[in-house]
Amino acid sequence: MSSHQPWYHGNITRSMAEDLLSKEAKDGSFLLRDSESIQGAYALCVLYQNCVYTYRILPNEEKKLSVQASEGVPIRFFSVLSDLVEAYYKENMGLVTHLQYPVQKEEEPEEEPEAVSVPPLPPRNVPANESRESHADSGRAIEPSRPSFLDSYHQRLQLVDMSHLSEEHQKAIQEYFCSAVSLDADQVQNGNPTLPNLKKLVMTICKSLNSEISRTLPVLETVQKLVDQPQSPGGGRLRGQLSVDSSQSVAFRLEQITKLICSIEDKTKNAVFESVGYDGGHRKSLIPPVTFEVKLDSLGISNKMLLKVDVEGGKVYFKKSKDGPEDKYFVHNKILQLVKSQKMQTKLVIVVETEKEKTQRKEFVFNDTKKREGFCQLLQQMKNKHSGKPEPDMISVFVGTWNMGNANPPHNISSWFQSKGQGKTRDDTANHIPHDIYVIGTQEDPLGEKEWIDIVRSTLRDITNISFKQVATQTLWNIRIVVLAKPEHENRISHVFSDSVKTGIANALGNKGAVGVSFMLNGTSFGFVNSHLTSGSEKKFRRNQNYISILRFLNLGDKKVNPFDITHRFTHLFWLGDLNYRVDLPPGEAENIVTKIKQQQYQELLSRDQLNIEKGSGNIFLDYEEEEITFPPTYRFERETRERYAYTKAKATGTKYNLPSWCDRVLRKSYPMVHVACHSYGCTTDIMTSDHSPVFATFDVGVTSQFVSKNDPTKESQGAIKFMNCVATLMTKSKTKFFIEYHSSCLEKFVKGPDGENQDCREGFIKVRFGTQVELTPIIADPEYLLDQHILISIKSADSDESYGETCVALRSAEIAYTEFDVILTHHGERTGTLTGGIQLRTSEGKQTEKLYDFIKVGDDSGASKGKYGDNSNKSYMVLPSDISNPSYMGVGFKGSSVSSRGGASGHGAKDGGSGNMSPKKTGYDHSVCSPTGKTSSPVSEDGQPAEMFDNPLYGLMGKARCGKDQEISRKDHLSPSEIFAFPKPPDLDSDRIPPVPTPRNRSFTCSEKPQNPSSVPTATSSSSSSLQPQSFTKKPVVPSRSEGGMIMSGKPPLPMKNRPDPQPQLQPKPRDYRDSSELPCKLRPPTRPGQPLPKDGHHETPQPPKTGRPLK
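Basis of the calculations
Residues numbered from 1 in each chain as written. Predicted model: local features only at pLDDT ≥ 70, side-chain atom pairs only at ≥ 80, totals over all residues. Heavy atoms only, no water. Helix = DSSP H or I, 4+ residues; strand = E, 2+ residues; numbered from the N terminus. Buried < 20%, exposed > 50% of the residue type's maximum accessible area, 1.4 Å probe, protein only. Contact = heavy atoms within 4.5 Å. Areas by Shrake-Rupley, 256 points an atom, 1.4 Å probe, with all protein chains shown as cover. Core = buried A, V, L, I, M, F, W, Y, C linked by side-chain atoms within 4.5 Å. Phe/Tyr/Trp six-rings, centres within 6.5 Å; stacked < 30°, edge-to-face > 60°. Pairing = 2+ DSSP bridges. Axes fitted to C-alpha atoms, helices over the stretch in contact; angles between N-to-C directions. Expected span 1.5 Å × (residues − 1). Salt bridge = Lys/Arg side-chain N within 4 Å of Asp/Glu carboxyl O. Polar contact = N/O pair within 3.5 Å; in protein donor to acceptor, adjacent residues only side chain to side chain. Parallel < 35°, antiparallel > 145°, perpendicular 65-115°, else oblique. Left-handed = near helix turned anticlockwise from the far one by under 90°. Nonpolar A, V, L, I, M, F, W, Y, C, P; charged D, E, K, R; others polar. pLDDT = per-residue confidence, 0-100. Bend = angle between axes of the 7 residues up to and from the residue.

Before going further, it helps to examine the overall build of the chain. The secondary structure content of the chain amounts to 20 helices and 40 strands. Residue burial in the chain is summarised as follows: out of 1113 residues, 54% are buried. Looking at the chain alone, contacts between residues at least 24 apart form 70% of all its contacts between residues at least 6 apart. As displayed, the chain offers around 49,700 Å² of accessible surface, 52% of which is attributable to carbon and sulfur atoms.

Structure (C-alpha cells):
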C-alpha cells in the first residue's frame, strides 16, 4: 500500500480506529485498516451518528477487491484500493452513508537512533552539579588539573620501591609516569582515547610474556580444531589471525587463551560423554542426604532435633543428635502432608501415618524460612521420585533473563542457575535439585548461538550432573532465548514453535524486539517471550507500543485459536527480558535513590516504577502477575563491581541520566485455577561483566498428562458443558451483531453460538444478551480429564468476523454445580468489556487422583486452613454461586454479596468497582502460590472474622450455619425455585435478567450465601451467613473448642454410630487434606462397624444427619 493514501492506516487495532473516527465526530468520516481476521483483507470503517460501521474488503482469486455491503446491492470489483474508495464517495452504494471525510494517518515522532556498538566502561557516580560543570567546560577542566595529576605520580614514584625490577623496566615506568602520561592526556583531549604510550609501556613490560603467548596460542588453537565441530571458513581464518597478530593487547590475548582452554575442556568433556552414551539422567543426578536442625514442640517444651532427608532412599530420619542412631524414620509413602504455618514463617507440621494406620502431626520450627522451604522442596522431590506415576502432574521451571551488555560472560555463571544472590532465593540445601525446564533469555548477547548454548549446558551439567536436551532456540540480532529440558521429558514435548518480532526504529530494526518459544508438555501448553524494549526513561509510551506489537504479531502456539493472541493461547505464559521500564523520578534524586537502595528501602522506589504504574493503569500486562520484588535495581551498575551504580553517561548532546531501575523482569500469566508457585525471584551479585545483573525466577507449575479414558470409546460422550444467560458489555462504538465462539482442546472443533441481541447502547458501550443456551460436548467426559480443561471464549462481530474481546473460563469452577461467572474481556492487550453468565458441567462417573502439589498446604494456625491459591487468579475471576458452594474447594464458596477472589476465569476487575470487580474479600493466602485443588474450611464472615466452625477429622466438614448433605437436600424441596436458585447480582446488571434454574442433582449441598431478601430466607444468626433454609429448620450453631485431641466438639457429644444413616456415595470425593487433623491416638478414633469402615487413604467420612422432609427424586 503506497504511503500517499492518507486514509490507509495499516495494521492499527480496531479500538484505535474507533478512537480516530470519534475524534473526527463527523458523519461520513472513514479510514481503511488491515483486517484482523483474514490475511490480505481490509476493513473499511465508517462513522455515522456516533457509531462505527465496519465493512470487509475481500480479494477474490484474481486479487480484485470488493466490499461486503448491504444485501441487494450489486457487487463491484476494483483492482486497487484508491479506485474502490473513489467509487464509494457516491451515495447509495450499500454503505450506511457515503464516504466523505478521510481520517488522516497520525505521523509517529521520529525516534532517536540507538547505538548498538559495544558501550564504553560506564562512568562512576558523579554528583549532578559536578557533572554539569565538567561537561560545560571540559577544556578548562583538564588544563588546571594536569599539574596535580603529574605531581601525584611523581610522589608515588618516590614512595614505591622498584629496586627488585630490571633496569629496563624501571626506566620504562619512570619515563611514562614522568612525561609520556602527559602526552596521552593531550591525545585524549584531542579525541583519541587509546592511550598509545601506555600500550607501549605494557608491551615493553610483557615482552617475554607476549612471545610466550605467541608460542602457546597456536598450539591451543590446533587442539581446539581437533575437538571442535567443523567450523565455517571465516571462523578458521579468524583464529589464525588472532594467533599471528601480535599487535593485539596482552589482556586480549590472555583472554583468548583463557577462553580457548575453557572451550577445549568443555568440548572434550561433551565428546567423551556422548561417545559413551552418558546423558546424566536421573540415575546419575544423585541428591546427597541433607540434614536440618529444627526444634520440636511437644507439650510446650522445645527440644532440638535433626531431620535428615534422603531423597534417593525415600526416607526422612528423626535424630536427637548428629551422631545419634538412625533407627527412627518415615518412608516417603508414610509422609502424608506438609502444612506450612502462615503466622510463623519457620514452622512446619509434618503429617505422618504410623504403623497402626493412625495419622500423627509433628510440629517443627526451622532456623529460618529458607531452610523450611528447602526442606519442603526436598520432600516434594522425594515424593515425585518415588511416586511411581508414569507421567508428572507438576514440573519445576527456571526462568532467567540477562542483558549481557555486549560483553563475554565470566567463566562461572552457576549462581544464576542456582538462584543465588539477593531477593527471594533458594536455600543451599536445594542446590542439587534440578529444574525440569530451563528458559534463558539474553539481550545484547555478543556470543554465537552454539557457543552460548554450550556454555549454558556445561554450567548446568556441572551443577546437576545432567546433560540437558535443547528444546528450541530463537535469535533476533542480539536478543536470544534458549529452552532446555531434562532428557526424560524429550518424548513428552511436542508442537515446538519459535518466532520473533522487530520493534526497533520503524519496527524494522532488530536491536529491539522479542523472541519467543512455545511447546506442549503432554497436555499442557507453555509459552515464553524474551523481549528487549525501547530504552530511555522518557520513552515509556513507546515501550507500551512495543508490548502491544509483540502481543499482536508474535506467532506462537496453536494456529487453530486464531482469534486469540498469545495471552490466551497457553496454559502458562512467561514474559521475561530487559523491559527497560525505569524509576520515574527526576535526575536530581539520583543520590537519594542510591541511598534508599543501600538501606534496602525498595517499596518507595517501586511505587514510582513505570512498569508497576502502567500495569496498574491497565495499559500493559493485563492479568499478568509478578512476584514481589525484594532485590535492588539491576541496572545500571559499574562493570566489574556491584557496589556502585553508574547513573550518568556523557553524550554529545549532554549528560544523560540512567537512574538505577528494575529494567530486568519476569512476569507470568496462567489459565485460571491451575497450580503455580513461585519459589525464587532475585538477582545475582557475583556476575559483573555487564551493567545489568542477571535475574532469576523459579516456579512449580501444574501439568496434565495425555489422558486415555477407561470408558467405552464407542459410546457417545456422557459429558456436557452448558453456557447460559450470557451478557456481554463491550467498550465499542461499532454497530453490528455479535456472536460467541467457544474454543478448547476438549472439544472436537470450535463451536459458534447464535447471534446475540443488542439491548443497551450507551456512549461508547453496547450490551449484548445471548439468551440461547449453548451446550458443548467434550471428547472425554471423565472428571479426571475434564476438570483440568478450560474454555476460551471470543466475542466476534457478525459483519467482519473480528474479535471484540476474549476470555477464559475454567471448567473446574463448575465442578460441584451450576456456577455464575463475571469475567473481563481483553483484545490485543487492552480491556474491551465484561462477560457474565452461567456454566454447568456434567461428567461421567469417576474420581480424581491426588496431585503432587496437594502434598504441601498452607495452614492459618487457628484450627482452620487455607488452600494454596496464588495471585494469578486472585483478581481475575468472579464466580457467583447459585445454590451450592463447596467448602472443600477454594474459590467457589462465598459470603453474601462478596465474591471470591480466587476463581475460574481470567480478567481483572475494574479498580473503580465496576462490573468486573465485585470487591473481593482480601485474604491472607500465600500469593506466590496458585493451586486448583486448594481447599478452605474457614470462610470469612461479613465482619471479616473467620467462621467459628472448622473441619473435624472425625465428623467431616462442618461449619457455622451449615447443614448436612441430606438435610439440605430435603429442605430444598420445601423452597420455591426462586428461593433455591437465588443468585447475587452485581449492581450494574439489568433487573430483567431471568435467573437460571438448573436440573437438581444428587450432590453435596452446603450454603454460605447471603440471600438478597432477608424476609424470604431468614438467617440462622445475625453474625453468620444465611443458609437458604426455612425458619423451621434453623438450629442454634455449635461453637467448637479447639482441643488438641482430635478437636472434639464441646457441647455436642459424638453421634452414636448406630444412629448414623448409611453414607451416600459422593461423585467427587475430596482429596486427602490433613491440615486440620490433630494427632489421632487410638482411643479417640471412633470404632468401626461392618459395612462402614473408615477409609485408609485419608478421605474422611462425611456425617449424615437424620433426613427430614421429602427426599429429592
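Peptide bonds are trans in most cases, and residues, glycine excluded, mostly fall at negative phi. Cis geometry is adopted by the peptide bond preceding arginine 636, which originates at tyrosine 635 and carries an omega value of 10°. Here arginine 636 is to be found in the loop between helix 17 (610-616) and strand 22 (648-651). Phi is positive for asparagine 406, close to 55°, though the residue is something other than glycine.

Soluble globular proteins tend to bury their nonpolar side chains together. Grouped together as the largest cluster of nonpolar side chains are 54 residues, with contacts concentrated most on Ile437, Phe519, Phe526, Phe528 and Phe699. Setting aside its immediate chain neighbours within four residues, phenylalanine 519 contacts Ile437, Val471, Val483, Ile493, Ser494, His495, Val496, Thr524, Ser525, Phe526 and Phe528.

Note that proline 59 resides in strand 3 (residues 51-59). In this structure proline 59 comes out as partly exposed when scored by relative accessible area, which is 35%. The spacing of proline 59 and glycine 40 is 19 residues in sequence and 7.4 Å in space, taken between C-alpha atoms. In contact with proline 59, other than residues within four places in its own chain, are Gly40, Ala41, Lys64 and Leu65.

Time to look at the packing of aromatic side chains. As enumerated under the stated definition, the model contains 34 aromatic pairs in all. Between phenylalanine 528 and phenylalanine 574, the ring centres sit 5.4 Å apart and the planes meet at 10°, which makes this aromatic pair stacked. Of this pair, phenylalanine 528 sits in strand 20 (residues 524-532) while phenylalanine 574 sits in strand 21 (residues 572-578), placing them 46 residues apart in sequence. With a relative accessible area of 1%, phenylalanine 574 lands in the buried category. With a centroid separation of 6.1 Å and 85° between ring planes, the pair formed by tyrosine 602 and tryptophan 662 is classed as edge-to-face. Residue tyrosine 602 is located in helix 16 (residues 602-606), and its partner tryptophan 662 is located in the loop between strand 23 (654-657) and strand 24 (664-670); the two are separated by 60 residues in the primary sequence. Side by side, tyrosine 602 and tryptophan 662 carry an identical accessibility label, which is buried. Ring pairs connect the aromatic residues Phe398, Trp402, Trp416, Phe417, Tyr438 and Phe468, which therefore count as one cluster.

Below, the discussion takes up the sheet that holds strand 5 (residues 101-102). Taken in spatial order, the five strands make up an open sheet running 4-3-2-1-5, and their pairing is mixed. In the strand order of this sheet, the two ends are held by strand 4 (65-67) and strand 5, each with one partner. Note that strand 3 and strand 4 share three bridges and pair antiparallel. Considered in strand 4, the bridge of leucine 58 is made with serine 66. Sheet strands in contact with helix 1 (residues 14-24) are strand 1 (29-34), strand 2 (42-48) and strand 3, and its direction is about 165° off that of strand 1.

Burial of strand 19 (residues 513-521) is extensive: eight of the nine residues sit out of reach of the surface. For strand 19 and strand 20, the ladder comprises nine bridges, and the chain directions are antiparallel. If you follow glycine 513 over to strand 20, its bridge partner there is histidine 532. Linking strand 19 back to strand 20 in an antiparallel pair, the connection comprises two residues, with asparagine 522 at a positive phi of about 55°.

The subject of this paragraph is the sheet that holds strand 21. Taking strand neighbours across the sheet as the criterion, the five strands line up as 18-19-20-21-24 in an open arrangement whose pairing is mixed. In the strand order of this sheet, the two ends are held by strand 18 (493-502) and strand 24, each with one partner. Geometrically, the sheet is characterised by an average inter-axis angle of 15° between neighbouring strands, direction not taken into account. Bridge count for strand 20 against strand 21 is seven bridges, and the pairing is parallel. Of the residues in strand 21, the one forming a bridge with histidine 532 is aspartate 578. Sheet contacts for helix 13 (residues 540-553): strand 18, strand 19, strand 20 and strand 21; angle to strand 18, the most-contacted strand, approximately 140°.

Attention now goes to the pairing of strand 12 (residues 359-366). Here strand 12 lies mainly inside the structure; six of its eight residues are buried. Here three bridges tie strand 6 (residues 290-298) to strand 12, and the two strands are oriented antiparallel to one another. Bridging across to strand 12, lysine 295 finds its partner in valine 365. Following strand 11 (residues 347-353), the chain reverses through five residues before pairing antiparallel with strand 12; glutamate 357 in that reversal takes a positive phi of roughly 60°.

This paragraph deals with helix 7 (residues 207-227). Turn by turn, an α-helix covers 3.6 residues, leaving residues three or four places apart pointing in a common direction. With 21 residues, helix 7 extends 31 Å between its outermost C-alpha atoms, agreeing within 8% with the 30 Å of an ideal straight helix rising 1.5 Å per residue. Those residues of helix 7 that fall on the buried side of the exposure criterion are Asn210, Ile213, Leu217, Leu220, Glu221 and Gln224.

A few words now on the pattern of salt bridges. When their charged atoms lie close together, side chains carrying opposite charge are able to pair. Considering all chains together, one arrives at 31 salt bridges under this definition. Two residues, glutamate 391 and arginine 492, come together in a salt bridge whose shortest N-O distance is 2.7 Å. In this pair, glutamate 391 sits in the loop between helix 10 (369-385) and strand 13 (394-403) while arginine 492 sits in the loop between strand 17 (479-485) and strand 18, placing the two residues 101 residues apart along the sequence. Salt bridges sharing common partners tie together Glu784, Asp788, Arg812 and Lys851.

On to the side chain of lysine 347. Mapped onto the secondary structure, lysine 347 falls in strand 11. Reaching out from lysine 347, the side chain makes a polar contact with the side chain of glutamate 363 at a distance of 3.4 Å. Every residue in contact with lysine 347, bar those within four places of it in the chain, is listed here: Val339, Lys340, Ser341, Glu363, Phe364, Val365 and Arg372.

As a packed pair, helix 5 (residues 167-189) and helix 6 (residues 196-205) sit with axes 8 Å apart at the nearest point and diverge in direction by 165°. With respect to helix 6, the element helix 5 is oriented roughly antiparallel. Handedness of the crossing formed by helix 5 with helix 6: left-handed. In this structure, helix 5 contributes Glu168, His169, Ala172, Ile173, Tyr176, Phe177, Ala180, Leu183, Asp184 and Gln187 to the contact, and helix 6 contributes Pro196, Asn197, Leu198, Leu201, Thr204 and Ile205. Split by residue class, the contact of helix 5 with helix 6 holds 10 nonpolar, four polar and two charged.

Further remarks concern the confidence of the model for the chain. Parts of the model with low pLDDT should not have their predicted coordinates read in detail. Here the chain averages 76 in pLDDT, and 69% of its residues register 70 or above. Below a pLDDT of 50 lies the segment residues 116-147, which in the model reaches 45 contacts outside its immediate sequence neighbourhood of four places, other chains included. Within the model, the stretch residues 231-242 combines pLDDT values under 50 with nine contacts to residues more than four positions away or in other chains.

So, about the side chain of glutamate 614. Relative to the elements of secondary structure, glutamate 614 occurs in helix 17. When neighbours within four sequence positions are excluded, glutamate 614 is seen to be in contact with Lys540, Asn544, Tyr581, Asn619 and Ile620.

Once that is clear, we can look at helix 5. Spanning 23 residues, helix 5 covers 32 Å between terminal C-alpha atoms, matching the ideal 33 Å at 1.5 Å per step. The largest bend in helix 5 is about 50°, located at alanine 180. Every buried residue of helix 5 is accounted for by Ala172, Ile173, Tyr176, Ala180, Val181, Ser182, Asp184 and Ala185.

What follows concerns the environment of methionine 724. One can find methionine 724 in strand 27 (residues 720-730). Relative accessible area serves as the criterion here: at 9%, methionine 724 is assigned to the buried category. Along the sequence, methionine 724 and threonine 836 sit 112 residues apart, while their C-alpha atoms lie 9.5 Å from each other.

Glancing now at the environment of histidine 332. The residue histidine 332 is located in the loop between strand 9 (329-331) and strand 10 (335-341) in this model. Histidine 332 gets classed as buried once you look at its relative accessible area, which sits at 18%. Distance from histidine 332 to lysine 315, taken between C-alpha atoms, is 5.7 Å for residues 17 residues apart in sequence.

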